[in-house]
Amino acid sequence: MARSRCARCTRPAGYCVCAHIPRLRNRTRVLVLQHPDEARHPLNTARLAVLGLANADLHVGEAFDARLWLDTPSWLLFPGDDACVLSPGMRPADPPAQLVVPDGTWRHARRLLRTNPSLLTLPRCAPAPGAASAYTVRRAAEPGALATIEAIAATLQALDAPMDATPLLRPFAAMVQAQLDATARAAATPD
Ligand SMILES: [Zn+2]
């Protein structure tokens, strides 16, 4: 039988990280487009990001209504050769009203872009490389890849400066630590 989970953060009972979730008043709206497989993943970080932001929304699916991003000046948070690279505190001259974030594995994210081709017409941005991921518990498919919540926090740190976006990472840090503790306990227990 599945363990009971917190209805808000979806972490298992005893591992709820809701007490660590901030309520940041972000200027740039965050719109997460989440692949259904990611919504079921127990270490889903985009949900934690949306819970921590006053101006954010999460949609689960594969094909979305393009008006979600075409009716609002939007940038796509996704790497690419022409992506604007955002460093902390570097606020662009003409920042978008909305940041669109495809969420899932790299394969899922690429499929979301193929299924919703108008996303490819949006300007792209990506956080500056070099930020080491704390995402040690769920290995990213590509080296240097950040967890979705890390990518959102790093991007808002630039777009919404001088707002400090780092508190967004608190529930994520608590989740990673709890996972590491559980792994250490399991390793210390003889079979
Ligand atoms: Zn919770």
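That block above? That's the structure.
Residues numbered from 1 in each chain as written. Predicted model: local features only at pLDDT ≥ 70, side-chain atom pairs only at ≥ 80, totals over all residues. Heavy atoms only, no water.

A.B. asks: Talk me through the overall build of the protein chain; I want residue IDs and the actual numbers.
C.D. replies: Within the protein chain, the secondary structure is distributed over 6 helices and 6 strands. Starting at the N terminus and ending at the C terminus, the protein chain contains elements arranged as β-α-α-β-α-β-β-β-α-β-α-α. Within the protein chain, buried positions represent 46% of all 191 residues. A sequence separation of at least 24 residues applies to 77% of the contacts in the protein chain between residues at least 6 apart. (Helix = DSSP H or I, 4+ residues; strand = E, 2+ residues; numbered from the N terminus. Buried < 20%, exposed > 50% of the residue type's maximum accessible area, 1.4 Å probe, protein only. Contact = heavy atoms within 4.5 Å.)

A.B. asks: Explain helix 4 (residues 106-115) residue by residue, including any values.
C.D. replies: The set of residues buried in helix 4 consists of His108, Ala109, Leu112 and Leu113. Seen from one end, helix 4 has its buried residues packed into an arc of 145 degrees, which puts them on one side. Every exposed residue of helix 4 that faces more than 90 degrees away from the buried side is listed here: Arg107 and Arg114. (Arc of directions from axis to C-beta.)

A.B. asks: How would you summarise the nonpolar core if you had to cite specific residues and measurements?
C.D. replies: Residues Val30, Leu53, Ile152 and Leu168 are the most contacted members of the largest nonpolar core, which totals 36 residues. Within the residue set of this core, elements represented by two or more residues are strand 1 (29-34), helix 2 (46-51), strand 3 (74-77), strand 5 (98-103), helix 5 (148-159) and helix 6 (170-188). Discounting chain neighbours no more than four positions away, the residues touching isoleucine 152 are Val30, Val32, Ala49, Leu53, Leu77, Val101 and Leu168. Membership of the second largest hydrophobic core comes to 12 residues, among which are Phe64, Phe78, Leu112 and Leu122. (Core = buried A, V, L, I, M, F, W, Y, C linked by side-chain atoms within 4.5 Å.)

A.B. asks: How would you summarise the coordination of the zinc ion if you had to cite specific residues and measurements?
C.D. replies: Between any two of four tetrahedral donors, the ideal angle at the metal is 109.5 degrees; between two of six octahedral donors, it is 90 or 180 degrees. Looking at the metal site, the zinc ion is ligated by Cys6 (SG), Cys9 (SG), Cys16 (SG) and Cys18 (SG), spaced 2.3 to 2.4 Å from it. What the 4 donor atoms of the zinc ion show is an angle range of 102 to 115 degrees at the metal, which sorts the shape as tetrahedral. Positions of the donor residues of the zinc ion, expressed as sequence spacing, correspond to C-x2-C-x6-C-x1-C. For the pair cysteine 9 and cysteine 18, one class covers both residues: buried. (Donors = N, O, S within 2.8 Å, 3.2 Å for Na, K, Ca; no water. Tetrahedral: all angles 85-135°; square planar, octahedral: opposite > 155°, others 65-115°.)

A.B. asks: Can you lay out the pattern of salt bridges for me, pointing to particular residues and giving the numbers?
C.D. replies: Pairs can form between side chains of opposite charge whenever their charged atoms are close. For the coordinates displayed, the defined rule picks out 4 salt bridges. We note a salt bridge from arginine 27 to aspartate 160, for which the minimum N-O separation is 3.8 Å. Here the residue arginine 27 occupies a position in the segment before strand 1, and aspartate 160 occupies one in the loop between helix 5 and helix 6, the gap between them amounting to 133 residues. Two residues, aspartate 65 and arginine 67, come together in a salt bridge whose shortest N-O distance is 2.7 Å. (Salt bridge = Lys/Arg side-chain N within 4 Å of Asp/Glu carboxyl O.)

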